[in-house]
Amino acid sequence: MNLKKLLTSAVLSISLCQSAFAAPVEIDKVIGIVNQGVILKSEVDTIVNRVKKQAEEQSQELPKDETLRVQAVERLVNQTLMMQMAERMGLEISDSQLDQTLASMAKEQGGSIADLRRTIEGSGESFQAYREEIRKEITTQQVMRANVDRRVYVSEQEVDNLLKIMESQGQNAEEYDIGHILIDIPSDASADEIASAKTRADKVIELLNDEQEFKRIAISSSSGSQALEGGQLGWMGINEMPSLFAEAVKGKKQGAIIGPLRSGAGFHIIKVQDVRGRQVVETTETRSRHILIKPSIILSEEKARSMLAGFVKDLRADKADFAKLAKEYSEDPGSALKGGEYDWADPTSYVPAFRDTLLSLKQNEISEPFRSQFGWHIVQLLDTRVADKTEQAKRNRAHGMLFNRKFKEESFNWQQEMREQAHVEIFPIDE
């Protein structure tokens, strides 16, 4: 961000060393202003080239480069706005947190960070640039979570109602692999603009009914957050979908094209790409306890980590009591007063860093300090069990479904509000 703020002209150039009269050489070009920040042509090119390379590997046809650039610019505008929000919030992702995330990503692929680095560099990309992209992704996720979570409220009555619906569905509950295209409408749109958007939505449906490739149409036409991924929302149950989609999708067969569905954001078009039955299986649950320390202006990352490392040393030497330490020091309001304890839960319900650390422990083992999006933790695995879905687990699941549905709806609303309040100028890209 600091480098971007130094760019004060649309085109930066340098003179060739060989001659004082040589023509200037273009280094980069500012193609957009987002509040006090800028978007560079090189950033757009990087995204476009990455999408084209992925499409080539998957033998997927893409729209014209001009369309890809429009989508890339939109993504960079939203990313820039969220990074600016992170700066105002004082949110920074430390190198240690970033390395932990990269290690988890590498582990999921059966390798180490060194293996991941070789893969990235083997594809022609800079590993340092890749690291910074991951840092931005983590940052924007945390900004989104911090700003949208507080806008979401799930009542006990809503949970009760959903539990009744789930019970009536029994074993026949289904999940749908959803593709999504949004033809957006400005919040202050005129009647003509709304009519124009509806015409474009109808044209998209016509193309899809003619068996045009959904991903290509989504990249070309969608204003949704997953446009550059071909509009892929992935697998979800009826109760996890935004309310607008749920009734329209329920009972539809594979290949169904649905829409246009009107919302405040615009016209939505959905494709049911696949359908599968939801399987009910036994789950391994864990009981654990943890201590959370949140870094701050007063307490540095390293101080928080070393503080927990000291706790671990004392606990392993039986010089301290876990529950007392948790009550005194833990900054997790949901567990601190209970000595840091979490009741029986499916470990997959925790954030990845917490889940992976917990599952690596033996009974009564205490972890080394580790970083999650919430701060620095230590965790102790108290016990494990294999259990059927309990009533509490069902209730937790119902709450999670409702929360996820509302989170998807509110996250779009929040991003739209942030965009409307920002100063954004986009300049033409001359090839």
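Definitions and cut-offs
- Residues numbered from 1 in each chain as written.
- Predicted model: local features only at pLDDT ≥ 70, side-chain atom pairs only at ≥ 80, totals over all residues.
- Heavy atoms only, no water.
- UniProt positions renumbered as here; feature names shortened; annotations may be inferred.
- Helix = DSSP H or I, 4+ residues; strand = E, 2+ residues; numbered from the N terminus.
- Contact = heavy atoms within 4.5 Å.
- Areas by Shrake-Rupley, 256 points an atom, 1.4 Å probe, with all protein chains shown as cover.
- Salt bridge = Lys/Arg side-chain N within 4 Å of Asp/Glu carboxyl O.
- Buried < 20%, exposed > 50% of the residue type's maximum accessible area, 1.4 Å probe, protein only.
- Expected span 1.5 Å × (residues − 1).
- pLDDT = per-residue confidence, 0-100.
- Core = buried A, V, L, I, M, F, W, Y, C linked by side-chain atoms within 4.5 Å.
- Pairing = 2+ DSSP bridges.
- Patch = residues over 30% accessible without salt bridge, like charges linked within 9 Å, V, L, I, M, F, W, Y side chains within 5 Å.
- Lys, Arg positive; Asp, Glu negative; His and termini not counted.
- Charge placed at Lys NZ, Arg CZ, Asp CG, Glu CD.
- Axes fitted to C-alpha atoms, helices over the stretch in contact; angles between N-to-C directions.
- Phe/Tyr/Trp six-rings, centres within 6.5 Å; stacked < 30°, edge-to-face > 60°.

- The chain is annotated in UniProt as Chaperone SurA from Pseudoalteromonas translucida.
- Per its UniProt entry, the chain bears the Function comment "Chaperone involved in the correct folding and assembly of outer membrane proteins. Recognizes specific patterns of aromatic residues and the orientation of their side chains, which are found more frequently in integral outer membrane proteins. May act in both early periplasmic and late outer membrane-associated steps of protein maturation."
- What the UniProt record of the chain gives under Catalytic activity is the line "[protein]-peptidylproline (omega=180) = [protein]-peptidylproline (omega=0)".

1. Considering the overall build of the chain
Then comes step 1: Along its length, the chain carries 14 helices and 12 strands.
Then comes step 2: Partitioning the contacts of the chain with sequence separation of at least 6, the portion at a separation of at least 24 is 69%.
Then comes step 3: Just so you have it, the chain exposes about 24,100 Å², and 49% of that area is on carbon and sulfur atoms.

2. Digging into the pattern of salt bridges
Then comes step 1: One pass over the structure, following the stated rule, counts 27 salt bridges.
Then comes step 2: For Arg75, the salt bridge identified is with Glu229, shortest N-O distance 2.8 Å. Taken together, the residues Arg75 in helix H3 (residues 65–89) and Glu229 in the loop between helix H9 (214–221) and strand E5 (232–237) connect sequence positions 154 residues apart.
Then comes step 3: Residue classification places Glu229 among the partly exposed positions, given a relative accessible area of 35%.

3. Comments concerning helix H4 (residues 95–108)
Then comes step 1: Between its first and last C-alpha, H4 extends 20 Å over 14 residues, near the 20 Å set by a 1.5 Å rise per residue.
Then comes step 2: Every buried residue of H4 is accounted for by Gln97, Leu98, Leu102 and Ala106.
Then comes step 3: On its buried face, H4 is in contact with helix H5 (113–122), helix H6 (127–148) and strand E10 (370–372).
Then comes step 4: Gly110 sits one or two positions beyond H4 and adopts a positive phi of about 80°.

4. Description of H3
Then comes step 1: Compared with an ideal rise of 1.5 Å per residue, which puts 25 residues at 36 Å, H3 spans 36 Å between its outermost C-alpha atoms and is within 8% of the ideal.
Then comes step 2: Where H3 ends, the next residue or the one after it, Gly90, has phi of about 75°, a positive value.

5. Details of the side chain of Arg131
Then comes step 1: In this structure, Arg131 sits in helix H6.
Then comes step 2: Look at Arg131 and you get buried, because its relative accessible area is 12%.
Then comes step 3: Beyond its immediate chain neighbours, meaning those up to four positions away, Arg131 contacts Asp95, Leu98, Asp99 and Leu102.

6. Things to note about the confidence of the model for the chain
Then comes step 1: When the pLDDT values of the chain are averaged, the result is 85; 90% of them are 70 or greater.
Then comes step 2: At the level of individual helices and strands, the chain shows its lowest average pLDDT in strand E1 (residues 11–14), which scores 35, and its highest in helix H12 (residues 322–329), which scores 95.

7. Some remarks on the nonpolar core
Then comes step 1: Within the largest apolar cluster, 36 residues are counted, with the highest numbers of intra-cluster contacts made by Ile39, Val44 and Trp414.
Then comes step 2: Mapped by element, the contributors of at least two residues to this core are strand E2 (25–34), helix H2 (41–57), H3, H6, helix H7 (156–169) and helix H14 (391–421).
Then comes step 3: With sequence-adjacent residues up to four places away left out, Ile39 is seen in contact with Lys29, Val30, Ile31, Gly32, Val34, Val44, Val73, Leu76, Val77 and Thr80.

8. Some words on the pairing of strand E6 (residues 257–262)
Then comes step 1: Bridge analysis of E6 against strand E7 (residues 266–277) gives four bridges, and the strand direction is antiparallel. Each bridged residue has a counterpart across the sheet, and for Ile258 the counterpart in E7 is Ile270.

9. Notes on the environment of Tyr130
Then comes step 1: As for its placement among the helices and strands, Tyr130 is situated in helix H6.
Then comes step 2: Taking relative accessible area as the criterion, Tyr130 reaches 17% and is therefore assigned buried.
Then comes step 3: Remark: the alpha-carbon pair of Tyr130 and Arg117, spanning 13 residues in sequence, is separated by 9.1 Å.

10. Looking at the side chain of Ser288
Then comes step 1: Following the sequence through the fold, Ser288 ends up in strand E8 (residues 283–293).
Then comes step 2: Beyond its immediate sequence surroundings of up to four residues, Ser288 is in contact with Gly340, Glu341, Tyr342, Tyr350, Phe354, Leu358, Val379, Gln380, Leu381 and Leu382.

11. As for a negative patch on the surface
Then comes step 1: Together, Asp188, Asp192, Glu193 and Glu420 make up a region of like negative charge exposed at the surface.
Then comes step 2: With respect to the helices, strands and loops of the structure, Glu420 is situated in helix H14.
Then comes step 3: Note on Glu420: relative accessible area 46%, which makes it partly exposed.

12. Overview of the sheet that holds E5
Then comes step 1: Strand order in the open sheet formed by four strands is E5-E4-E7-E6, and the pairing between neighbours is antiparallel. Of all strands in the sheet, those bounded by a partner on one side alone are E5 and E6. Between one strand and the next, the sheet's axes are offset by a mean angle of 30°, whatever the strand orientation.
Then comes step 2: Of the strands in this sheet, strand E4 (174–184), E6 and E7 are in contact with helix H8 (residues 191–209), which crosses E6 at around 175°.
Then comes step 3: On the sheet, H9 packs against E4, E5 and E7 and is oriented at approximately 35° with respect to E4.

13. A word on the packing of aromatic side chains
Then comes step 1: Enumeration according to the criterion identifies seven aromatic pairs in this entry.
Then comes step 2: Aromatic pair Phe311 and Tyr329: ring centres 5.0 Å apart, planes at 45°, arrangement tilted. Taken as a pair, Phe311 in helix H11 (residues 301–316) and Tyr329 in helix H12 lie far apart in primary sequence, 18 residues in all.
Then comes step 3: With a relative accessible area of 9%, Phe311 lands in the buried category.
Then comes step 4: With centroids separated by 5.6 Å and ring planes inclined at 25°, the aromatic side chains of Tyr342 and Tyr350 adopt a geometry described as stacked.
Then comes step 5: Tyr342 sits in the partly exposed class, given a relative accessible area of 23%.
Then comes step 6: Assessed through its relative accessible area of 16%, Tyr350 is described here as buried.
Then comes step 7: Taken together, the aromatic side chains of Tyr342, Tyr350, Phe354 and Phe370 make up a single cluster linked through ring pairs.

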